[in-house]
Amino acid sequence: MDENVDQLEWETFSCPMCLDLLKDPVAIFCGHSYCMNCIQSHWDTESGIYSCLQCTQTVLGRPRLMKNILLADLVEQLRKSAVQAAPADHCYAGAEDVSCDVCTGRKLKAAMSCLNCLASYCEKHLQPHYESPPFKKHKLVDPCKKLQKNICPQHNKMMDMFCFTDHQHICYLCSVDKHKGHDTVTAAAGRMQKQKELDLSLEEIQQRLQDRKKDVEMIEQKGKDVNLSVFRALEDNENIFTELIQLLKKTRSGVMQRLRSQHEPEERRFKDLQEKLQQEITELKRKVTELKQLSLIQDHNQFLLNYCSLSAPLGPSTHSFSINIAPARFCEDVTAALSQVRGQVQDVLTGTWTHIGLTLNQDDVLLPQPEPRTRVEFLQYSREITMDPNTLNTWIILSEGNRKVTLMNHRQSYSTHPDRFTDWYQVLSRESLTGRCYWEVEYRGLGVYVAVTYKTFRRAGKSVKGVFGFNDKSWALCLGSRCYYLLHSSISTKVSDGLSSRLGVYLDHSAGLLSFYSVSNTMTLLHRVQTTFTQPLYVGVGFKHYLPGATAEFCDV
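Caption draft 1: Summary view of the layout of surface pockets. Estimated volume of the second largest pocket: approximately 470 Å³. Of all the elements, helix α7 (residues 187–295) adds the most residues to the lining of the second largest pocket, at 10 residues. Class assignment of the residues belonging to the lining of the second largest pocket gives a composition of 12 nonpolar, one polar and two charged.

In structure tokens:
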């Protein structure tokens, strides 16, 4: 086939986008032809208005494309003739391919690039590099478009070295000239060195990616758990309010029935009294009439005779004091009692809702918050801690508004109470802790320990299970002579050497996080506990040894 004719026919039936022979050719609205996939891919990047790359005509709405069967047949015939006219392993270079630098006319794809010749060759023109001894020493690499960029502009040599000092590619002459004394390596050695760093970075990133995926899964699960919890809470609250409403309705019905039952006999009694009074009034009126008529009689004998018959004594009179006013007092008592109940219910509901609001403000029900880092960040979660006198062991006293605990040299006289520690020098806080909380304790003396604990565990008796840290319901940080150690479930763990006079404690109840800090000019982490808290926690203070004068005071922060 004549090369010029071949070039003309090839260009005529080539796609203006991929520069290769048309595949599934389509003619669009302006008449230009493209490969179906090429024009589809181009239009995928546009929206609403679609254009032709050759003539820039546009049309509203994406046109429907149909394969041009006649054009497809012509292209197929051209492709077959090209295959017959050219060797099977020859393939023409497209826009994205590296073309052979030796080919004239329509260039073939390069099979290799030579770093010595700084040129790219197709299979045909590459043969001298395989057959001629002078070319066999040349370094062949995969086809590369930017070979000239690898040439040193100063020495016209291959830049096969790298200067880490200046962070640039150089040739070997540069390494002994301008870059003398710099940290230089061959490109291959530098690649090997940085490849190891890249592999480590890739491994770290992949691990972080896995961690983030697990975090996403955890958040999704927590989201589902929260949704389920809210749904159940809504359902339970609806049932509780329904029961409360039914109870109120039942109570209302009972009170109304009681009022009615109290009213009916009283109403009958009032009617009976009214009838008796009306009868007495009628009788008295009749008596008045008879007596008036008697007084008009002129005949003395007749007067006396009639008087004797009319002077019979009157029957018993119904007095007003016999009317009982108890029903009115009963109504007032009922109204007063209901008003009192209403006030009590309102107080209970207000207090409960306030507690719920505080809990919701303190707890993040969806996502755990990061642990604070600076003391200022910790102080935003500060809680005032006071100790409960009812839990106080008889060898210790409270002062400073129940915020200071002191071990005494003589027993105190306290009343008996079921919450009191009888055999161990311990005391428990009045406040229960949930959400995120922080507090600080100043201490003096040896053997002081600060703990967090559930409320329900042994208080009386000499069993070691009643000591903070010697059961699975409490965590205690103890102050030894030279170090701190943590106690939980009777297991002692040394956590830090050296002591400070102030201890900071951070609790994130929902996250199951408990951290102890040494507080001075900086916050120094002593130990962190990660677990799951199933109940509200209380703060405990105790003394390991009987050393009177030892104190622990909760700071006003």
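Picking up after the structure, the text goes on.
Caption draft 2: Layout of the pairing of strand β11 (residues 396–399). Side-chain alternation along β11 places I396 and L398 on a buried face and I397 and S399 on a face that remains uncovered. Judged from the four bridges that link them, β11 and strand β12 (residues 404–407) form a sheet pairing that is antiparallel. Of the residues in β12, the one forming a bridge with S399 is K404. Between β11 and β12, which pair antiparallel one after the other, the connecting turn spans four residues, and E400 there sits at a positive phi close to 55 degrees.

Caption draft 3: View of the packing of α7 against helix α8 (residues 300–310). Close contact between α7 and α8 brings their axes to 10 Å; oriented N to C, the two are set at 165 degrees. One element, α7, and the other, α8, form an angle in the roughly antiparallel class. Pair α7 / α8 crosses with left-handed handedness. Residues K287, E290, L294 and S295 of α7 pack against F303, N306, Y307 and L310 of α8. Of the residues assigned to the contact of α7 with α8, the class counts are four nonpolar, two polar and two charged.

Caption draft 4: A nonpolar patch on the surface, seen in detail. Residues I240, F241, L244, I245 and L247 make up a contiguous nonpolar surface patch of roughly 470 Å² in combined accessible area. Relative to the helices and strands, L244 resides in helix α7. For L244, a relative accessible area of 39% corresponds to the partly exposed category.

Caption draft 5: Representation of the packing of aromatic side chains within the structure. In the structure shown here, the tally under the stated rule is 14 aromatic pairs. Seen from their ring centres, W395 and Y546 are 5.5 Å apart, and the 75 degrees between their planes marks the pair as edge-to-face. With W395 in the loop between α10 (375–379) and β11 and Y546 in the loop between β22 (537–543) and β23 (551–554), this pair connects stretches of sequence that are 151 residues apart. Classification of Y546 by relative accessible area gives partly exposed; the value is 36%. With 5.7 Å between their ring centres and 80 degrees between their planes, F421 and F468 make a pair best called edge-to-face. Separated by 47 residues along the polypeptide, F421 in the loop between β12 and β13 (426–433) and F468 in the loop between β15 (448–453) and β16 (474–479) bring together distant segments of the chain. The exposure class assigned to F468 is buried, which follows from its relative accessible area of 0%.

Caption draft 6: Main features of the side chain of S175. Examined against the element boundaries, S175 turns out to sit in helix α6 (residues 172–175). Among the residues examined, S175 registers a relative accessible area of 13% and is labelled buried. Those residues in contact with S175, other than ones at most four positions away along the chain, are M161, I170, K180 and T184.

Caption draft 7: Main features of the sheet that holds β16. Strand order in the open sheet formed by six strands is β13-β22-β15-β16-β17-β18, and the pairing between neighbours is antiparallel. Of all strands in the sheet, those with a lone pairing partner are β13 and β18 (491–497), marking the two edges. Within this sheet the neighbouring strands show an average axis-to-axis angle of 20 degrees, counted without direction. Examined bridge by bridge, β16 and strand β17 (residues 483–488) share four bridges and lie antiparallel to one another.

Basis of the calculations
- Residues numbered from 1 in each chain as written.
- Predicted model: local features only at pLDDT ≥ 70, side-chain atom pairs only at ≥ 80, totals over all residues.
- Heavy atoms only, no water.
- 1 Å grid on protein atoms, 1.4 Å probe; cavity = no way out; pocket = protein on both sides within 12 Å on 5 of 7 lines; lining within 4 Å.
- Points joined across faces, edges and corners; volume = space filled by probe spheres on them.
- Helix = DSSP H or I, 4+ residues; strand = E, 2+ residues; numbered from the N terminus.
- Nonpolar A, V, L, I, M, F, W, Y, C, P; charged D, E, K, R; others polar.
- Buried < 20%, exposed > 50% of the residue type's maximum accessible area, 1.4 Å probe, protein only.
- Pairing = 2+ DSSP bridges.
- Axes fitted to C-alpha atoms, helices over the stretch in contact; angles between N-to-C directions.
- Parallel < 35°, antiparallel > 145°, perpendicular 65-115°, else oblique.
- Left-handed = near helix turned anticlockwise from the far one by under 90°.
- Contact = heavy atoms within 4.5 Å.
- Patch = residues over 30% accessible without salt bridge, like charges linked within 9 Å, V, L, I, M, F, W, Y side chains within 5 Å.
- Areas by Shrake-Rupley, 256 points an atom, 1.4 Å probe, with all protein chains shown as cover.
- Salt bridge = Lys/Arg side-chain N within 4 Å of Asp/Glu carboxyl O.
- Phe/Tyr/Trp six-rings, centres within 6.5 Å; stacked < 30°, edge-to-face > 60°.

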